[in-house]
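# Residue-level structure breakdown
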Amino acid sequence: RVGALVEDFVDAYVGPAALRDEALADGRHEPSSLHDEAQALLDAVSRSDLEEDRAQWLLGQLRGLECVTARLSGDHVTWSDEVERCFGMRPRHADEREFRASHGRLDAVLPGAGDLAGRYNAWLDAAEVPRESTLRAIDALTAALRRRTAAIVDLPPGERAAFETVTGEPWQAFNQYRGDLFSLVQVSQDLPRSLIDLVDVVAHEAYPGHHTERACKEQLLYRDGSRLEMSVMIVPAPEAVIAEGIATNALEAAIRLDGLGALLDEAGDLGVRVDPDVAQVVHVEGWNLFGAGANVARMIHEDGISHEEAETYLREWALYPPDRAAKTVRFLTDPGSWTYATAYTDGRRLCRSFMDRTPDGFRRLLTEQVTVASLLHA
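Given the structure is predicted, the values throughout are model-derived calculations rather than measurements.

## Remarks on the overall build of the protein
Broken down by element type, the protein carries 19 helices and five strands. In terms of overall size, the protein behaves like a compact globule, its C-alpha atoms giving a radius of gyration of 21 Å where 378 residues would be expected to give roughly 21 Å. Across its three principal directions, the C-alpha atoms of the protein cover 60 × 50 × 40 Å. A total of 378 residues make up the protein; the buried ones form 53% of that total. Long-range pairs, those at least 24 residues apart, make up 72% of the contacts in the protein with a sequence separation of at least 6. Working note: accessible area of the protein is about 16,700 Å², and carbon and sulfur atoms make up 50% of it. Charge centroids of the protein, computed over 39 positive and 63 negative side chains, lie 3 Å from each other.

What follows is the structure, encoded as structure tokens:
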């Protein structure tokens, strides 16, 4: 019912059609009544005898619902408060010294001399996959990454992912999980794609990222475990932090044993050659520099900086060329994603910490009903 008021609020629904139809049968609901319902459910779940992981998961979802419906009802909610209430973590401003350290590591491996941003983007340009070869390269990478994913987790029989290219969207790639263990992944072609970027897109969106998580949880938790709540996925909720934490660590999980070079060799001739050691540094530091986007989101929505100032910040610290900086600002100011950048940065850090201290941690993230709260206190 909240999704009927907010576009793209429900990211996916795989449950009974009759339940959805019943919920929507009596038309649109007033935000204030939905807010009251969210508060009542928070109280009810807090007093329930549900298993601890289910109760904590539902409480996280309901806090997100309570925040969104409060804002829809007219309450003023700051950007930082909305992030914390929806995602379960107070946003963290990444220190620019962290970006400077990433710049130093990139400077040490990138070929050429002169301006770092110029060398960084020249390397990406040289590794660009021709647009006409994008889907062929994706197919090869998907096959290689799916084989590696099957060594991490038991993939449900019949799961499948398909890819298509699109233009004109604010995001770089998007997984539409359709249910019945199937994902359609849309890849934007508005900007050029380097080979390492394409590798990360396949890992992030499909194997062993978003598609793998959703297919495993649909099978194990919803179908086999009869956990009805796992049939609906909403955007402004702690599960988004877990999902993006899985996806932003997916490539490292897939290449943990033998490195990026072995994966590229397994994928075969992709029409582009890169030094895998340099590519590995570019990948890791690229994600570290992504934190500049979360900083910019806060500065736009709380400090009131202009779009031009935001783009300048991204060009300086994330090393983005002008076109990518502009597209990033478009994403960060889109009503459906203005807080979402923090899910990537906080999720990556939170899930990586869990993986580093927990045997079989990545598989557990893919298959268990983990929450931000459970990871913070593990």
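## Some points on the sheet that holds strand β3 (residues 173–179)
If you trace the three strands from one edge of the open sheet to the other, you get β2-β4-β3, paired in mixed fashion. Edge strands, defined here as strands with exactly one partner in the open sheet, are β2 (160–166) and β3. In this sheet, neighbouring strand axes are inclined to one another by 20 degrees on average, regardless of whether the strands run parallel or antiparallel. Against the sheet, helix α7 (residues 134–150) engages β2 and β4 (182–188), with an angle of about 160 degrees to β2.

## With respect to the nonpolar core
Ranked by size, the top nonpolar core spans 120 residues in total, and within it W123 and V282 carry the most contacts. Each residue touching V282, except ones within four places of it in the same chain, is listed here: L106, L110, Y120, W123, L124 and I196.

## Focus on the pattern of salt bridges
When charged atoms on two side chains of opposite charge get close, those side chains can pair. Per the counting criterion, the structure on display carries 30 salt bridges. Taking the shortest distance from any N to any O, the salt bridge between R90 and D81 comes out at 2.6 Å. A relative accessible area of 30% places D81 in the partly exposed class. Measuring nitrogen to oxygen at the nearest pair gives 2.7 Å for the salt bridge that ties R105 to E285. Note that R105 is positioned in helix α5 (residues 96–109) and E285 in helix α13 (residues 276–289), a separation of 180 residues in sequence. Given a relative accessible area of 5%, E285 falls into the buried group. One connected set of salt bridges, linked through shared partners, spans R147, R148, D258 and E266.

## Observations regarding the side chain of H283
By secondary structure assignment, the location of H283 is in helix α13. Side chain to side chain, H283 and E252 meet in a polar contact 3.3 Å long. Sequence-distant contacts of H283, that is, excluding residues within four places in its chain, are made with I196, D200, L251 and E252.

## Examining unusual backbone geometry
With an omega of 5 degrees, the peptide bond running from Y207 to P208 counts as cis. Mapped onto the secondary structure, P208 falls in the loop between α8 (195–205) and α9 (210–224). We note that S226 has phi near 55 degrees; this positive angle belongs to a residue other than glycine. Within the secondary structure, S226 is located in the loop between α9 and β5 (232–234).

## Describing the packing of aromatic side chains
Taken as a whole, this structure holds seven aromatic pairs when the rule is applied. The interplanar angle of 25 degrees and the centroid separation of 5.4 Å between the aromatic rings of W171 and F174 together place this pair among those described as stacked. Here W171 falls in the buried class, since its relative accessible area comes to 15%. On the basis of an interplanar angle of 55 degrees and a centroid distance of 5.1 Å, the ring pair of W287 and F290 is categorised as tilted. Here W287 matches F290 in class, with each residue buried. Clustering of aromatic rings is evident, with ring pairs tying together F87, W287, F290, Y340 and Y344.

Conventions we followed
Residues numbered from 1 in each chain as written. Predicted model: local features only at pLDDT ≥ 70, side-chain atom pairs only at ≥ 80, totals over all residues. Heavy atoms only, no water. Helix = DSSP H or I, 4+ residues; strand = E, 2+ residues; numbered from the N terminus. Rg over C-alpha atoms; globule rule 2.2 N^0.38 Å. Buried < 20%, exposed > 50% of the residue type's maximum accessible area, 1.4 Å probe, protein only. Contact = heavy atoms within 4.5 Å. Areas by Shrake-Rupley, 256 points an atom, 1.4 Å probe, with all protein chains shown as cover. Lys, Arg positive; Asp, Glu negative; His and termini not counted. Charge placed at Lys NZ, Arg CZ, Asp CG, Glu CD. Pairing = 2+ DSSP bridges. Axes fitted to C-alpha atoms, helices over the stretch in contact; angles between N-to-C directions. Core = buried A, V, L, I, M, F, W, Y, C linked by side-chain atoms within 4.5 Å. Salt bridge = Lys/Arg side-chain N within 4 Å of Asp/Glu carboxyl O. Polar contact = N/O pair within 3.5 Å; in protein donor to acceptor, adjacent residues only side chain to side chain. Phe/Tyr/Trp six-rings, centres within 6.5 Å; stacked < 30°, edge-to-face > 60°.

It is worth stressing that arrangement in space is one thing and function is another; only the former is reported here.
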